[in-house]
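Observations on the three-dimensional arrangement
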Amino acid sequence: EAEFNRRLRTRKQITEDTLTFTDGAATLPSDFLEMISTFDGYGDQLRGSSIGTTRREGTQYNRYSITGSEIVVKGVSGDRDILYFAAIPTLTTSPTTSNWLLADAPDVYLYGVGVEAAKHIRDMDAVNTIAPLMDRAISLVETADLRARWGNATVRYMGLTP
């Protein structure tokens, strides 16, 4: 699952939460992987920035930075909404011993276990055989996600067209 969390970002991982800021800082959720959006008190989206920029005097208030397990937004206190990619729920602590990835793509887990087992017994031939199968299975999950999200989207050209 650690490998899957490093590689996958799908619509089923998108999670919304409300964080409570004190003196410009809040603790991120324990399943946080990557920020999609965070909003100010008026519902406007904030932009990501480096921690040095966020804490610097004269910095605009429309920026956030992430350091360790905290998000920093200068001058903010109170509740703010965030939208983020959450980690895939682990099977070892799940009360149902299942999650959306196992339900949607059991082959990803099958090949993932195969790769890890082959690494453990130092069978590089098996790793080299199974790893491309896992990569393909992950790629198919990503393709299915893109189709579900953008399959009916239209393209609009900006500017002059012939």
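Heads up: these notes are all about the structure in this document. (Residues numbered from 1 in each chain as written. Predicted model: local features only at pLDDT ≥ 70, side-chain atom pairs only at ≥ 80, totals over all residues. Heavy atoms only, no water.)

Considering the sheet that holds strand β5 (residues 63–67)
So the rule is basically this: One requirement defines pairing of two strands: DSSP has to find at least two bridges between them. Put simply, DSSP marks the helices as runs of H or I at least four residues long and the strands as runs of E at least two long, and each gets a number from the N terminus on.
One open sheet accounts for four strands, arranged β2-β6-β5-β4; its pairing is mixed. The two strands at the open ends of the sheet, each matched to only one other strand, are β2 (25–27) and β4 (47–48). With three bridges connecting them, β5 and strand β6 (residues 70–72) associate as antiparallel partners. Each residue of the ladder has a partner; that of serine 65, found in β6, is valine 72.

Let's talk about helix α4 (residues 106–120)
For clarity, the threshold we go by: Multiplying one less than the number of residues by 1.5 Å gives the expected span of a helix. Residues are treated as being in contact if the distance between any of their heavy atoms lies within 4.5 Å.
For α4, with 15 residues, the first-to-last C-alpha span of 21 Å sits near the 21 Å given by 1.5 Å per residue. Buried residues belonging to α4 abut α1 (2–7), α3 (100–104) and α5 (124–150). Arginine 122 sits one or two residues past α4 and shows a positive phi near 60°.

Structural notes on the nonpolar core
Note the cut-off: Grouping buried Ala, Val, Leu, Ile, Met, Phe, Trp, Tyr and Cys residues that are joined through side-chain atoms within 4.5 Å yields what is termed a nonpolar core. Remark: exposure states derive from per-residue accessible area (1.4 Å probe, protein chains only) relative to the maximum for the residue type, with buried under 20%, exposed over 50%, and partly exposed in between.
By size, the foremost hydrophobic cluster in this structure holds 14 residues, and its most contacted members are Leu19, Phe21, Leu28, Met35, Tyr64, Ile71 and Val73. Among the secondary structure elements, those contributing two or more residues to this core are β1 (14–21), β3 (32–38) and β7 (78–86). Ranked by residue count, the leading element in this core is β7, at three residues. Ranked by size, the runner-up nonpolar core spans 13 residues in total, among them Leu8, Ile88, Tyr109 and Val115.

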